[in-house]
Amino acid sequence: MKTCLECGDKIIGREDKKFCSDGCRNAYNNKINKDSTNYMRNINNKLRKNYRILSELNVEGKSKTTRAKLMSKGFDFEFFTNILNTKSGNTYYFLYDQGYMVLENDYYMLVKKDI
């Protein structure tokens, strides 16, 4: 006899079932996938916010903006997912597929990676 991984009730149905209901399956997966600490949750929220800001300002896939405009929307320059250094010496900071490069006079080039 198999029991539900979430609540421990008896499972009726297919032999490979792991949960007694969709509710138990959702509750189990939500527990596993939640951010384990406030620190992680706060960082993920900042990354999400930065990504939304870049996506909003970079609709065409390549554009320019100012530091002031990014900061007015709440962009935090300390949070990004990776750095790309090009052969020509340029440095791009990425949030997943959205990126930016520092230009002169507080301007930024916004780019989107094709994935």
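Located above this text is the structure these notes cover.
Quick notes on the rules
- Residues numbered from 1 in each chain as written.
- Predicted model: local features only at pLDDT ≥ 70, side-chain atom pairs only at ≥ 80, totals over all residues.
- Heavy atoms only, no water.
- Phe/Tyr/Trp six-rings, centres within 6.5 Å; stacked < 30°, edge-to-face > 60°.
- Helix = DSSP H or I, 4+ residues; strand = E, 2+ residues; numbered from the N terminus.
- Buried < 20%, exposed > 50% of the residue type's maximum accessible area, 1.4 Å probe, protein only.
- Polar contact = N/O pair within 3.5 Å; in protein donor to acceptor, adjacent residues only side chain to side chain.
- Contact = heavy atoms within 4.5 Å.
- Pairing = 2+ DSSP bridges.
- Axes fitted to C-alpha atoms, helices over the stretch in contact; angles between N-to-C directions.

## Some points on the packing of aromatic side chains
Now for step 1: Going through the model one piece at a time under the given rule, you end up with 10 aromatic pairs.
Now for step 2: Seen in terms of ring centroids, Phe-75 and Tyr-100 are 5.4 Å apart; in terms of plane orientation they differ by 85°. Their pairing is edge-to-face. Within this pair, whereas Phe-75 is found in the loop between helix H3 (67-72) and strand E2 (82-85), its partner Tyr-100 is found in strand E4 (residues 98-102), the two being separated by 25 residues in sequence. In terms of burial, Phe-75 and Tyr-100 fall into one category: buried.
Now for step 3: Plain terms: the ring middles of Phe-80 and Tyr-93 are 5.1 Å apart, the flat faces sit at 65° to each other, and that makes the pair edge-to-face. Placement of Phe-80 in the loop between H3 and E2 and of Tyr-93 in strand E3 (residues 91-95) is noted, with a sequence separation of 13 residues between them.
Now for step 4: A residue is classified by how much of its surface remains accessible, and Tyr-93, at 24% relative accessible area, is partly exposed.

## Remarks on the side chain of Ser-63
Now for step 1: Relative to the elements of secondary structure, Ser-63 occurs in strand E1 (residues 62-66).
Now for step 2: Separated by 3.2 Å, the side chains of Ser-63 and Asn-58 make a polar contact.
Now for step 3: Once residues lying within four places of it in the same chain are set aside, the contact partners of Ser-63 are Leu-57, Asn-58, Tyr-108, Met-109 and Leu-110.

## Details of the sheet that holds strand E5 (residues 107-112)
Now for step 1: The strand order across the open sheet built from 5 strands is E1-E5-E4-E3-E2, with neighbouring strands paired in antiparallel fashion. The open sheet is flanked by E1 and E2, the only strands paired with a single partner. Neighbour-to-neighbour, the strand axes of the sheet open up by a mean angle of 30°, direction not taken into account.
Now for step 2: Alignment of E3 against E4, held across 4 bridges, turns out to be antiparallel. Residue pairing across strands places Leu-95 opposite Gln-98, the latter belonging to E4.
Now for step 3: Strands in contact with helix H2 (residues 38-57) are E1, E3, E4 and E5; relative to E4, the strand with the most contacts, it is inclined by about 80°.

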